[in-house]
Amino acid sequence: MMSTSLKNLNQLPVKLTSGHRLCAGCGEPLLVKQILMGTQRPLVVSLSTGCFEVSTTVYPYTSWNVPLIHTAFGNGAATCAGVEAAYQSLRKQGKIKEEMDFVNFAGDGATYDIGLQALSGAMERGHKMLYVCMNNEAYMNTGIQRSSATGMGADTTTSPAGSVSPGKQEYSKDLTAIMVAHNIPYVAQASPHNWRDTVEKAKKGFNCGGPAFINAITPCPRGWRTSPSMTVDMAQLAVETCVWPLYEVVDGKYALTAESLKIAEGKIEKKPVTDWINAQGRYRHLKEERWAHVVDKMQANIDKRWEKLIRLSKD
Amino acid sequence: MAKKKLEDIAINGDGAVAYAWKQIDPDVCAAYPITPQTIIVEDFSKFVANGEVKTEYVCVESEHSALTLCAASCSAGARTFTATASQGLAYMWEMLPITSAMRVPVVMAVANRAVSGPININNDHGDAMAARDTGWIQMFADNVQSAYDNAIIAPRIAEHPDVQLPIITNLDGFILTHAVERMTPIDTEDVKKFVGEFEPVCPLLDYKHPTSHGMLDGPDFYYAHKHQQVEAMDKALEVSEQVFKEFKKLTGREYHLVDEYRCDDAEYVAIILGSSYGTMQETVDQMREAGIKVGAAMPHIYRPWPEKELARIMKGKKAVAIFDKHVSLGAYGPMYSEVVAAAADLEKMPKMYNFIYGIGGADTSVSILKGAMESIVKGTADKINYAGMKL
């Protein structure tokens, strides 16, 4: 495997071509290209229904020059597992010689909510596949509805901020922890602003010999109400505020990575949640004094989860 | 084709399907156990555990994932089988039209069972009928032998280059799945030769020639793709007849798009699906002894709908009774309206009567069927009748 330097990564064949129909500033193609740089073996890509799928496979065009399959919304993991099962069978029979990789890309709706059962099943059965959640914290494809990955206080079309509601009233589900509980060889949180960290994690995921899961924060300018030019900065801010810590869990062992490790070591300052809130239109209403207690709750929850992560990474 | 004559065996319908699959030895099988299909996947698990098949068998966490895995595995280039029933088929429903639209020849056995609610584990055709419009070919079996034979015939129809559609082989829950009958198996070598090698179209695992599967269509492409499925369904009728002929050459057992019993000189015909076809044959014999000219017919291939054959059988008859083991609530039995449509072009349309029967496993005896047929002979039947309802 070549080293993770920009000079080397630049030489790799592009598997997701330009000309897709994703929004300007979408975080998804950045993330996907970085993940796909994690393997040079032949691979099959599977997609759950979502922005990414409908934008890159508009018949009779395709943005893919690697084999690609999509079936439905809640079953990306099962789709990917089906391709992998066919591969295992044909390889055992000697009909396929090469080692191949299998990856599924899905949004947070397809992962945290409707697809959780299929994902859990595929991980439990040990299919050799990487599942990547492109977490933009809501159902963006259908008009910015809340998901269980949506952060507290976010204004979405099904958790609107109103005269008596501060937007989404619940904390986001800790899906990464749920995936760790499956005792699979590799689980990680990533962010596309740090391409080196993401490519390294993808490499580990593809090479772990079993099921792997990467949960990546993936900014959505439409849903977050941010400028398309700010996507990479927003991803970085998610990490710097510890809203989205970067870490990996290899065979059950936690380790913070990249900026998150530096924050834990005191080398970089941990930014307050107000930086995160003030940068995005979806939290605009939280600037009102009457929702100050919501902001406090958000900060308290971020701190609690962050401290737990530090404890786990010291074990 | 070389053929070895094998001894008859005693086996239930589920066991027969599993036995056929062992002989075919598919590349992948993904399934979830559900009554009354369970014996199929249990038997098959034993074949896997004992190394009798090379199949990659995936014990999925749900039927939704079962059919998803199958559609994906078949797209990847593997011959793929699954089995389900009732709620399981209902849970798969989202993936039924997706699988057929992906044009992958997945083979699925359905052990027909009533659909909730109320919950009921017994046989009727509510599950198969709810899957009717999803682009799958559907075959019905009338006994354990034909359940076994259909399992071997199915991949030949589904995988034909002109067809490339998934296929359901229906067998009546408990009546066929669990009851032991005498069956003549086919030698495994002959089965393998008959079924042949799987030749997938644009498989995903052919990574040197990458293709995108399951893409997004606008209205025009969607419409055109649906029409391609219609054309493939039409082809499936011709292909089925051809495969039935080859099967007869191999085994001597004869199947048709519509199986018939004493219809030629009949004045009254019963059209019925599944295991009740046998009960109807006995009914026909008894009524014939009493001098009433009755015949029975069963669409062996239910989708695509063998309209021409049914029209031929109905031509010149006085009356036709259509027996449905399901009711389209608020309308008729589903087969009734289709048979009426098939008869609509006849110069003189027979009187058409609908009998709903056997719902949720209700008794289907010779006396019930005879009573129904006598009422059409006498002309006392209503347009829609509920045969054998006790309460």
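As shown above, the structure is provided for reference.
First, a word on what this report is: a plain description of the structure on this page. Owing to the predicted nature of the structure, the values given are computational and were not obtained by experimental measurement.

**What to know about a positive patch on the surface**
All names here are of chain A.
Piece 1. On the surface, a cluster of positive charge is contributed by R222, R225, R284 and K287.
Piece 2. Of note, R225 is situated in the loop between α9 (221-224) and α10 (231-240).
Piece 3. A residue is classified by how much of its surface remains accessible, and R225, at 41% relative accessible area, is partly exposed.

**Things to note about the pairing of strand β3 (residues 101-107) of chain A**
Residues and elements named next belong to chain A.
Piece 1. A large share of β3 lies buried, amounting to 6 of its 7 residues.
Piece 2. Here strand β1 (residues 43-47) pairs with β3 via 5 bridges, running parallel. In the strand pairing of β3, V45 is matched with V103.
Piece 3. Taken together, the 5 bridges between β3 and strand β4 (residues 130-135) define a ladder with parallel strand orientation. Along β4, the bridge assignment pairs N104 with Y131.

**Some thoughts on the pairing of strand β7 (residues 247-250) of chain A**
All names here are of chain A.
Piece 1. Bridging between strand β5 (residues 186-190) and β7 involves 4 bridges; their strand directions are antiparallel. By the bridge assignment for β7, Q189 is matched with Y247.
Piece 2. The sheet contact formed by β7 and strand β8 (residues 253-256) spans 4 bridges and is antiparallel. Bridging across to β8, Y247 finds its partner in L256.
Piece 3. With antiparallel pairing between neighbouring strands as the criterion, β7 and β8 make up a hairpin whose turn holds 2 residues, including D251 at a positive phi of roughly 50°.

**Considerations on the nonpolar core**
Piece 1. Grouped together as the largest cluster of nonpolar side chains are 96 residues, with contacts concentrated most on V83, F102, M129, Y131, F213 and W276 of chain A together with L205 of chain B.
Piece 2. It is helix α4 (residues 76-92) of chain A that provides the largest number of residues to this core, a total of 9 residues.
Piece 3. Here Y131 of chain A is in contact with S48, A77, N104, A106, A110, T111, L119, M123, A212, F213 and I214 of chain A, once residues within four sequence places are set aside.
Piece 4. Judged by nonpolar contacts, the second largest core, of 54 residues, contains A20, I137, V191 and V195 of chain B.

Thresholds applied
- Residues numbered from 1 in each chain as written.
- Chains lettered and ligands numbered in written order.
- Predicted model: local features only at pLDDT ≥ 70, side-chain atom pairs only at ≥ 80, totals over all residues.
- Heavy atoms only, no water.
- Patch = residues over 30% accessible without salt bridge, like charges linked within 9 Å, V, L, I, M, F, W, Y side chains within 5 Å.
- Areas by Shrake-Rupley, 256 points an atom, 1.4 Å probe, with all protein chains shown as cover.
- Salt bridge = Lys/Arg side-chain N within 4 Å of Asp/Glu carboxyl O.
- Lys, Arg positive; Asp, Glu negative; His and termini not counted.
- Charge placed at Lys NZ, Arg CZ, Asp CG, Glu CD.
- Helix = DSSP H or I, 4+ residues; strand = E, 2+ residues; numbered from the N terminus.
- Buried < 20%, exposed > 50% of the residue type's maximum accessible area, 1.4 Å probe, protein only.
- Pairing = 2+ DSSP bridges.
- Core = buried A, V, L, I, M, F, W, Y, C linked by side-chain atoms within 4.5 Å.
- Contact = heavy atoms within 4.5 Å.

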